[in-house]
Amino acid sequence: MSKEKKGVRLEHISKIYKDPKTGKDFYAVKDANIEIEPGSFVTLLGPSGCGKTTTLRMIAGFESPDEGEIYLGNEPINALTPNKRDTAMVFQSYALLPHYNIFDNVAYGLKLRKMDKETIRKKVTDILGLVGLEGMENRMTNQLSGGQQQRVALARALVIEPGVLLFDEPLSNLDAKLRVSMRTEIRRIQQEAGITAIYVTHDQSEAMAISDKVIIMKGGLVEQISTPQEAYYYPNNKFVADFIGEANFLKAIVKSQDIVEINGEEVKCSTGSLGNGAECSIVLRPEGATLGDNGSIMGEVEYSCFMGAYQDYHIKIGDELVKIQEYNPKNKKIYGVGDKVYLNFEENTLYAL
Ligand SMILES: Nc1ncnc2c1ncn2[C@@H]1O[C@H](COP(=O)(O)OP(=O)(O)OP(=O)(O)O)[C@@H](O)[C@H]1O
Ligand SMILES: [Mg+2]
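Residues numbered from 1 in each chain as written. Chains lettered and ligands numbered in written order. Predicted model: local features only at pLDDT ≥ 70, side-chain atom pairs only at ≥ 80, totals over all residues. Heavy atoms only, no water.

**Q** Explanation requested: the overall build of the chain in the structure shown.
**A** In terms of helices and strands, the chain carries eight helices and 20 strands. Each principal axis of the C-alpha atoms in the chain carries an extent, and together these give about 75 × 45 × 40 Å. Classification of the 353 residues of the chain by burial places 47% in the buried group. Put simply, of all contacts in the chain between residues at least 6 apart along the chain, 65% involve residues at least 24 apart. Just so you have it, the chain exposes about 17400 Å², and 48% of that area is on carbon and sulfur atoms. Put simply, the chain has 41 plus and 48 minus side-chain charges, and the middle of one group is 7 Å from the middle of the other. (Helix = DSSP H or I, 4+ residues; strand = E, 2+ residues; numbered from the N terminus. Buried < 20%, exposed > 50% of the residue type's maximum accessible area, 1.4 Å probe, protein only. Contact = heavy atoms within 4.5 Å. Areas by Shrake-Rupley, 256 points an atom, 1.4 Å probe, with all protein chains shown as cover. Lys, Arg positive; Asp, Glu negative; His and termini not counted. Charge placed at Lys NZ, Arg CZ, Asp CG, Glu CD.)

Right, here's the structure in full:
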């Protein structure tokens, strides 16, 4: 596709709905400021009801914001109807035309745009090749597997060459294995087509696997916009830390710029702008510590379970329970319930909040 890639910018965007139970207004999305670079793959991620679909539908034009302005490239688009925006949406339900074959489903948007037959044939054939459905033009869509239907839906959105492609949980009807292979496909196709993509999911591993940036939302608010790595290693708050991967939070007191005290023991940890004596939470990922017969912080094993790739432990430290995963357990000492152990932290794995 030869079209110019477009970025998307949300400036102070809010959407107010009426709660059907209480009849009171509430912010489904509140003061969202989001900048999406042209050609990037960005995921809106967060628990059910946090405002992901509402945000996406405002970009598509199916909902209008109550506050703020949305830009596509440099153009403000609040006043434009969905078909006047340079966007295309792939729905969770695929929304295919059931009595049409694959070709006609994909060609539909081009026919609406009154393109000539030969151009349509060429564009549809090219796109079907891109999504791996070449030669299947004449199959009816109700004779397709879920994964194939998903590809048709994707082809139908891509063929009109939108500046921005929008996805709302496009893989949620597929089984776990197919989800993983289709998400890799979607990423490949997005990169080959060089298109800007905004993708909604509540599955954090899906988001991490495909995104240049993740936008993590909670209760209508944007909590963090960053690369998946930054969100994992440097979460803005406990919610983000807990939502992206697994996290332990250890109570600690700041001793100096790179020392904290956890359960009476001093441990190396960068404390950023936190002042000496401040109480804080240390984020420890389950793979961020190893166990040994000696080390920095002592605990007692409460649970120990072989999981194949790792040994899964719950370690009691003071009054806190800490989850640790020790990878490649075949080559490690295995501790049992009731054993005393010491935690040793790998360099730079602790993060103070
Ligand atoms: N048309 C509407 N009228 C009133 N409230 C609505 C409407 N649409 C959505 N909501 C509410 O707005 C909030 C955000 O909804 P939204 O659909 O954006 O959530 P979501 O993050 O996509 O969740 P999910 O993961 O379950 O799809 C929810 O509390 C929802 O109940
Ligand atoms: Mg939704």
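That was the structure; now back to the text.
**Q** Would you take a moment to explain the pattern of salt bridges for this structure?
**A** Side-chain pairs of opposite charge can arise where the charged atoms are in close proximity. As enumerated under the stated definition, the model contains 21 salt bridges in all. Measuring nitrogen to oxygen at the nearest pair gives 3.9 Å for the salt bridge that ties Asp66 to Lys15. Residue Asp66 is located in the loop between α1 (52-60) and β4 (67-72), and its partner Lys15 is located in strand β1 (residues 8-18); the two are separated by 51 residues in the primary sequence. The buried category is assigned to Lys15, whose relative accessible area is 8%. Measuring nitrogen to oxygen at the nearest pair gives 3.5 Å for the salt bridge that ties Lys268 to Glu347. Within this pair, whereas Lys268 is found in strand β13 (residues 265-268), its partner Glu347 is found in the loop between β19 (340-345) and β20 (351-352), the two being separated by 79 residues in sequence. Accessibility classification places Lys268 together with Glu347 in one group, the exposed group. Residues joined in a network through salt bridges with shared partners are Lys15, Arg57, Glu63 and Asp66. (Salt bridge = Lys/Arg side-chain N within 4 Å of Asp/Glu carboxyl O.)

**Q** Sorry if this is basic, but what is going on with the domain arrangement of the chain here?
**A** Accessible area lost when the parts come together is the quantity often used to give the size of an interface. Partitioning the chain into structural domains gives domain 1 (8-238) and domain 2 (246-352). Listed per partner, the contact involves six residues of domain 1 and six residues of domain 2. Between domain 1 and domain 2 lies a buried interface of about 590 Å² when both sides are counted; carbon and sulfur atoms form 58% of it. Among the residues of domain 1 in contact with domain 2, Tyr232, Pro235 and Lys238 are the three that bury the most area, contributing 80% of the side total. (Domains from an automatic or database assignment. Buried area = accessible area lost by both parts, 1.4 Å probe.)

**Q** Can you walk me through the side chain of Thr141 in this structure?
**A** Mapped onto the elements of the fold, Thr141 is located in the loop between α3 (117-130) and α4 (146-159). Other than its neighbours up to four places away in sequence, Thr141 contacts Leu96, Leu97, Pro98, Tyr100, Asn105 and Gln149.

**Q** Is there a simple way to explain the sheet that holds strand β2 (residues 25-36) in this structure?
**A** Backbone-to-backbone hydrogen bonds pair the strands of a sheet. The strands run either parallel or antiparallel. Spatial ordering of the open sheet is given by β2-β1-β4-β5, a layout of four strands whose pairing is antiparallel. Only two strands of the sheet have a single partner each, and these edge strands are β2 and β5 (75-76). Bridge analysis of β1 against β2 gives eight bridges, and the strand direction is antiparallel. Among the inter-strand pairings, Lys18 is bridged to a residue of β2, identified as Asp25. (Pairing = 2+ DSSP bridges.)

**Q** What's the story with a nonpolar patch on the surface in this structure? I'm lost.
**A** Among the surface-exposed residues, Tyr100, Tyr108 and Leu112 lie close enough to one another that they form a single nonpolar patch of about 300 Å² accessible area. When you line up the elements, Tyr100 lands in the loop between β6 (87-90) and α2 (102-112). (Patch = residues over 30% accessible without salt bridge, like charges linked within 9 Å, V, L, I, M, F, W, Y side chains within 5 Å.)

**Q** When you look at unusual backbone geometry in this model, what are you seeing that I'm missing?
**A** For residues besides glycine, phi is generally negative; the peptide bonds are generally trans as well. The phi torsion at His12 lies on the positive side, around 50°, for a residue other than glycine. Structurally, the position occupied by His12 is in strand β1.

**Q** Would you mind going over the pairing of strand β7 (residues 164-168) with me for this structure?
**A** Consecutive residues of a regular strand have side chains that alternate between opposite faces of the sheet. The element β7 is extensively covered by neighbouring structure, given that five of its five residues are classed as buried. Covered by surrounding structure in β7 are Val164, Leu166 and Asp168 together with Leu165 and Phe167, the residues of both alternating faces. Both β6 and β7 contribute to a ladder of four bridges, which runs parallel. By the bridge assignment, Met89 is partnered in β7 with Leu166. Pairing geometry for β7 and strand β8 (residues 196-201), over five bridges, is parallel. Bridged to Asp168 within β8 is Val200. Once the chain exits β7 it traverses helix α5 (residues 176-193) before rejoining the sheet at β8, and the crossover so formed is right-handed. (Right-handed = clockwise from strand over helix to strand, strands pointing away.)

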